[in-house]
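Letter by letter, the chains look like this.
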Amino acid sequence: AQLLKQISFQIETGEAVGLTGQSGAGKTTLLKALLGILSGGCQVSGGTIQVDGQSLWALSPRKRRELCGTTLGFIPQNPMTAFDPRLKLGRQMEETLRLRAGVSGKAALERAETLLTDLGLSQPRRVLDSYPAQLSGGMLQRVTMAILLGLSPRYIFADEPTSALDEDNKSYLTQELARMKQQSAILFVSHDDTAIRTLCDELLVMQNGTIAERGTTSNLVASPQEEWTKEFVRLASPE
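Residues numbered from 1 in each chain as written. Predicted model: local features only at pLDDT ≥ 70, side-chain atom pairs only at ≥ 80, totals over all residues. Heavy atoms only, no water.

Trainee: Just checking my understanding: could you explain helix α4 (residues 105-118) for this structure?
Mentor: Each full turn of the α-helix corresponds to 3.6 residues, which orients residues three or four apart in the same direction. For α4, spanning 14 residues, the distance from its first C-alpha to its last is 20 Å, which sits close to the expected 20 Å at 1.5 Å a residue. Within α4, the full set of buried residues consists of A108, A112, L115 and L116. Mapping the buried residues of α4 onto a view down its axis gives an arc of 95°, with all of them on the same face. Looking at the buried residues of α4, the elements they touch are α3 (89-101), α5 (124-128) and α6 (137-151). Within two residues after α4, G120 carries a phi angle of roughly 85°, on the positive side. (Helix = DSSP H or I, 4+ residues; strand = E, 2+ residues; numbered from the N terminus. Expected span 1.5 Å × (residues − 1). Buried < 20%, exposed > 50% of the residue type's maximum accessible area, 1.4 Å probe, protein only. Arc of directions from axis to C-beta. Contact = heavy atoms within 4.5 Å.)

Trainee: What is the right way to look at the pattern of salt bridges in this model?
Mentor: Tallied over the full model, the rule gives 13 salt bridges. Salt-bridge contacts for K106 lead to E110; the nearest nitrogen and oxygen are separated by 4.0 Å. A residue pair is termed a helical-turn pair when its members lie 3 or 4 positions apart in one helix, as K106 and E110 do in helix α4 at four residues. Of the residues examined, K106 reaches a relative accessible area of 67% and is grouped as exposed. Linking K230 and E227 is a salt bridge whose minimum nitrogen-to-oxygen distance equals 3.6 Å. Linking K230 with E227, this pair stays in helix α10 (residues 227-236), spanning three residues, or about one helical turn. Under the relative-accessibility criterion, E227 is labelled exposed at 57%. Each of the salt bridges in this network shares a partner with another, and the network as a whole consists of R62, K63 and E66. (Salt bridge = Lys/Arg side-chain N within 4 Å of Asp/Glu carboxyl O.)

Okay, structure coming up:
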């Protein structure tokens, strides 16, 4: 079965592209393809995914893994899945910065503390000394953002990153992504209309494995054509 078909778009540094659509439309499958981590017998059977001029799927699995973190950054829907529950966050941040950014030992831990401080956390040491289960989803999402800041990937893929957050943390995450947009290109998969309108320059609407509608966010919100987009806009608009 063909899960995705006739999909074509590009993202450039300094812009954020929103991707929305009904559940089962293929958004997560597309994200996995873009990250080079398709599983379950799925493969890209036609077309190409270009990352800075090189074909992603022409690379070996090892080379694709090397791109993750430094070139391709990922923000998961559930930040708990991004961390090893058995290790304190300080050790996990230290290892990530050492392996991906080349910062060693004590300097990596100091860098982790600085990154958390830059994100407005008043007790970074407490966060570094905690296991993932000891922190809220909002706090873990901030740790994810701190790691991204430390690695400075050129492309950031976000998979429903605000869906499990309260309003304050949603607003915070959107603001941080807007800041990161200055140095990165962002693909923002979401049903969060406020975040999409705030962050995204362009909007893609997926339906049945293809892009059914596209345009600037303001134009699509003002005059949606597809039924799903009309419903999305209607539910997003205050009465």
